[in-house]
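Spelled out from the first residue to the last, the chains are:
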Amino acid sequence: MESSYHRRRHRTWCCSFAVPPSSPDNPPFKPRRPKPEAQSKPAFSSSVPNSPQSSKSSSRIVARIDPRRILSPGRVSPIEDALPDPSPALDSAPRSRSFRAPIANPIPPPPMNSVADVSVGVSDGFDVRMSLRGKNGGCVVLELNSVILCANSEVFAGLIGDYRKGSSSSGSNKMCRIEVPEVDNLGVFRETIELMFEDDVPRRLLNIGVYRSIDVLEVSAGIMFTKGVLSCLQYLEAVPWTEEEEEKLRNLFTRFKFDDETTRDILGRLYLHDSEESKPNVARQLVWSITTCVNANARNELKSLVKGLLCKSSVYEKNHLDLSKDDLYSVCHSCIDSLISLFEEASSTVPNERLTKKDKNKPMIERISTQVDNINWLLEIMLDGQIAEDFVDIWSNQKELLKMHDNASPMVRYELSRVSATLFVAMATRKLQCWMEARSGLLQAWFAPMLLDFGWLQRCRKGLDIKVLQEAMGQTLLTLPLKQQHTLFMEWFHHFSRHGTECPNLSKAFQIWWRRSFLRGSETHAIESR
């Protein structure tokens with residue numbers, strides 16, 4: 001004959017959103033005041049995590065043997081007695097938050113004679129009443145079957161097993177009452193319990209989505225619900241995540257330790273497990289690839305992408321971006337060498353047999369502009385990382401480029417001044433700090449070429465702000481000793497008088513230099529003569 005449990009499989013749990021109502025058969029519960037000489041008995045409790053996003057390492061689950069008789073099976077019912085019997089105290093030490101999912105089937109329930117024996121005096125097999133109390137208010141009451149709970153959760157199996165041991169001497173089966181206080185999310189906890197009675201758990205997880213499945217995973221790990229943990233991990237590994245879901249999952253893995261075999265695939269998506277010796281220098285490879293990229297549109301798009309990843313204000317973690325100062329300067333030297341080769345070709349000093357077919361198909365102006373763009377892009381990354389000081393000396397000592405600049409066409413040579421303009425603006429805006437000798441060397445080498453190329457810089461700006469550049473050149477000049485300022489300002493004055501608007505307007509800085517050199521200088525001489 002088929003047992004009552006199998007006949008009523010579809011009604012293995014029941015819930016209500018309120019505590020049992022008051023009635024003549026159910027007077028309000030009033031705790032008795034303990035006598036002064038009597039000590040209060042310990043509560044029947046166990047510490048388990050109760051809900052997702054809980055700031056506590058665990059929460060208290062209190063289970064009591066309810067001697068009250070259920071009058072209406074399958075729902076919250078009127079009850080006779082108001083005072084529960086005290087239950088034996090469990091070990092109240094916090095449980096470990098590590099969860100090791102076994103490969104075999106879930107743990108068996110505690111030994112018992114049969115389902116029919118458990119359900120004596122309790123209709124439809126509902127022999128556990130679980131009260132979930134929200135941290136911010138609210139309550140959900142579930143009437144459940146102890147066989148299902150014990151088969152799926154080690155925590156509930158321990159609570160129910162301890163209860164049966166304490167009540168075995170009475171010879172009667174009574175409703176076991178479990179209370180879960182301070183639940184952060186009542187819906188998620190209830191949903192996790194419902195999964196124990198679900199035949200198709202993967203389909204249920206598919207319906208609730210990734211974000212809520214992570215919450216269910218946290219509750220399942222807290223109550224040691226093995227089937228729920230494995231199902232959640234399998235579902236989460238098989239679907240894509242948003243950045244918010246990924247961060248939520250990463251935080252969960254820092255608070256719970258799962259079995260390595262069951263989480264290998266998910267951890268492979270979250271962390272890079274390669275050793276430092278075998279891990280490729282990804283950032284360096286990206287930079288090299290961009291500077292050698294042929295397609296202009298793709299190069300510009302990738303430059304914006306990689307610069308955003310490498311900049312200090314990036315939202316991404318920097319510990320995997322292993323781009324060093326030596327890597328950047330190595331690429332810079334390569335770009336400068338290419339630039340020298342192109343100017344040699346432009347001055348007809350390179351034999352045709354040294355030119356590849358790819359080089360011959362592109363205009364000279366485009367190839368030179370590409371290398372200058374690469375240098376300025378690398379310079380922006382170095383400025384953001386505050387490692388651009390050495391580049392000032394490198395650029396100041398480019399004697400070959402300076403020599404070829406004098407003989408090259410203005411349509412080509414002005415590209416070199418775009419690099420100098422980036423350095424002048426960085427110094428004036430205090431993004432680049434370097435010694436006075438480095439500033440002096442830069443101005444001595446590239447100030448005169450800048451005066452010659454300024455007209456072309458105005459016509460072909462390529463993102464350069466001319467007003468900012470003029471202000472920056474004047475401010476950088478004013479950082480030198482007055483004697484060096486005199487030489488450079490006089491050179492500018494003569495060039496400006498001949499070329500007018502084709503020359504940068506440094507009048508404001510010139511006035512400051514004049515006041516410092518002559519007016520304040522005479523005042524100082526007068527003070528010294530007293």
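Given the structure is predicted, the values throughout are model-derived calculations rather than measurements.

Undergrad: Just to check I follow, could you spell out the overall build of the chain for this structure?
TA: Across its full length, the chain carries 21 helices and six strands. Taken across its 530 residues, the chain has 45% of its residues classed as buried. In the chain, once contacts between residues fewer than 6 apart in sequence are set aside, the share between residues at least 24 apart is 74%. When the accessible area of the chain is evaluated, it comes to approximately 28,500 Å², of which 52% is carbon and sulfur surface.

Undergrad: Sorry if this is basic, but what is going on with the pattern of salt bridges here?
TA: Side chains bearing opposite charge may pair, as long as their charged atoms lie close to each other. The full count for this structure, using the stated rule, is 20 salt bridges. Linking K135 and D184 is a salt bridge whose minimum nitrogen-to-oxygen distance equals 2.9 Å. Taken together, the positions of K135 in the loop between strand 4 (128-134) and strand 5 (139-144) and D184 in the loop between strand 6 (175-183) and helix 5 (186-195) put the pair 49 residues apart, joining distant regions of the chain. K135 sits in the partly exposed class, given a relative accessible area of 35%. Taking the relative accessible area as the measure of exposure, D184 reaches 29% and is therefore partly exposed. Of the charged contacts, one joins E194 and R190 as a salt bridge, the two residues approaching to 2.8 Å between their closest N and O atoms. With E194 and R190 both in helix 5 and four residues apart, the pair spans about one turn of that helix. Looking at E194, the relative accessible area reads 11%, which means it is buried.

Undergrad: Before we go on, may I ask you to explain the packing of aromatic side chains in this structure?
TA: The description of an aromatic ring pair uses the distance of the two centres, along with the angle that the planes make with each other. Counting across every chain of the model gives 15 aromatic pairs. Pairing F391 with W395 gives two aromatic rings, centres 6.3 Å apart and planes at 10°, and the pair type is stacked. Placement of the pair is F391 and W395 together in helix 15 (residues 389-396), with a separation of four residues, close to one helical turn. Each member of the pair, F391 as well as W395, carries the same accessibility label: buried. Between W514 and F518, the ring centres sit 4.4 Å apart and the planes meet at 45°, which makes this aromatic pair tilted. One end of the pair is W514 and the other is F518, both in helix 21 (residues 507-529) and four residues apart, which spans about a single turn.

Undergrad: Looking at this structure, I do not really get helix 7 (residues 226-238). What am I missing?
TA: In an α-helix there are 3.6 residues to a turn, and that puts residues three or four apart on one side. Compared with an ideal rise of 1.5 Å per residue, which puts 13 residues at 18 Å, helix 7 spans 19 Å between its outermost C-alpha atoms and is within 8% of the ideal. Among all positions of helix 7, only T226, G228, V229, S231, C232, L233, Y235 and L236 are buried. Those residues of helix 7 that are buried are in contact with helix 3 (146-152), helix 6 (201-222), helix 8 (243-255) and helix 9 (260-270).

Undergrad: Help me understand the packing of helix 12 (residues 325-346) against helix 16 (residues 399-407) in this model?
TA: Helix packing for two helices is described by the angle between their axes and how far apart those axes are. Where helix 12 meets helix 16, the axes come as close as 10 Å, and the angle between the chain directions of the two elements is 30°. As summarised for this structure, helix 12 and helix 16 are arranged roughly parallel, according to the angle between their axes. Regarding helix 12 and helix 16, the two cross each other, and that crossing is left-handed. Of the residues in helix 16, those touching helix 12 at I336, L339, I340, F343 and E344 are E400, L401 and M404. Tallied by class, residues from the contact of helix 12 with helix 16 come to six nonpolar, no polar and two charged.

Undergrad: Can you walk me through the pairing of strand 5 in this structure?
TA: Each regular strand shows side chains that alternate between the opposite faces of the sheet. Burial runs high along strand 5: six of the six residues are buried. Burial along strand 5 is two-sided: the residues C139, V141 and E143 and V140, L142 and L144 are all buried. Relative to strand 5, strand 4 runs antiparallel, the two being bridged by six bridges. Directly across from V128, in strand 5, lies its bridge partner L144. The loop that links strand 4 with its antiparallel partner strand 5 comprises four residues; one of these, G137, has a positive phi angle of about 105°.

Undergrad: Even after reading the chapter, I still don't get the side chain of N374, so can you show me in this structure?
TA: Its location among the elements puts N374 in helix 14 (residues 364-384). Separated by 3.1 Å, the side chains of N374 and K303 make a polar contact.

Undergrad: Which parts of the structure should I look at to understand the environment of T242?
TA: Looking at where T242 falls in the secondary structure, it is placed in the loop between helix 7 and helix 8. Placed 31 residues apart in sequence, T242 and Y211 show a C-alpha to C-alpha distance of 9.1 Å.

Undergrad: What is the right way to read a nonpolar patch on the surface from this model?
TA: Taken together, the side chains of W514, F518 and L519 define a hydrophobic patch exposed on the protein surface, amounting to about 310 Å² of accessible area. Mapped onto the elements of the fold, L519 is located in helix 21.

Undergrad: Would you take a moment to explain the environment of R250 for this structure?
TA: Here R250 is to be found in helix 8. Considered as a pair, R250 and Y271 are 21 residues apart in the sequence and their alpha carbons are 9.4 Å apart. Ignoring sequence-local partners within four residues, the contact set of R250 consists of L270 and Y271. Side-chain polar atoms of R250 contact the side chain of E246, separated by 2.8 Å. Within polar-contact distance, the side chain of R250 engages the backbone oxygen of L270 at 3.1 Å.

Undergrad: Mind showing me how you'd approach helix 17 (residues 410-428) here?
TA: Here helix 17 spans 26 Å end to end across 19 residues, near enough to the 27 Å set by a 1.5 Å rise per residue. Within helix 17, 15 of the 19 residues are buried, which leaves it mostly tucked inside the rest of the structure.

Undergrad: Could you clarify how one ought to interpret the side chain of S153 in this entry?
TA: Within the element layout of this structure, S153 appears in the loop between helix 3 and helix 4 (154-167). Given the relative accessible area of 0%, S153 is considered buried. For S153, the side chain forms a polar contact with the main-chain nitrogen of V155, separated by 3.4 Å. Only 2.6 Å separates the side chain of S153 from the backbone oxygen of I223, close enough to count as a polar contact.

Definitions and limits used
Residues numbered from 1 in each chain as written. Predicted model: local features only at pLDDT ≥ 70, side-chain atom pairs only at ≥ 80, totals over all residues. Heavy atoms only, no water. Helix = DSSP H or I, 4+ residues; strand = E, 2+ residues; numbered from the N terminus. Buried < 20%, exposed > 50% of the residue type's maximum accessible area, 1.4 Å probe, protein only. Contact = heavy atoms within 4.5 Å. Areas by Shrake-Rupley, 256 points an atom, 1.4 Å probe, with all protein chains shown as cover. Salt bridge = Lys/Arg side-chain N within 4 Å of Asp/Glu carboxyl O. Phe/Tyr/Trp six-rings, centres within 6.5 Å; stacked < 30°, edge-to-face > 60°. Expected span 1.5 Å × (residues − 1). Axes fitted to C-alpha atoms, helices over the stretch in contact; angles between N-to-C directions. Parallel < 35°, antiparallel > 145°, perpendicular 65-115°, else oblique. Left-handed = near helix turned anticlockwise from the far one by under 90°. Nonpolar A, V, L, I, M, F, W, Y, C, P; charged D, E, K, R; others polar. Pairing = 2+ DSSP bridges. Polar contact = N/O pair within 3.5 Å; in protein donor to acceptor, adjacent residues only side chain to side chain. Patch = residues over 30% accessible without salt bridge, like charges linked within 9 Å, V, L, I, M, F, W, Y side chains within 5 Å.

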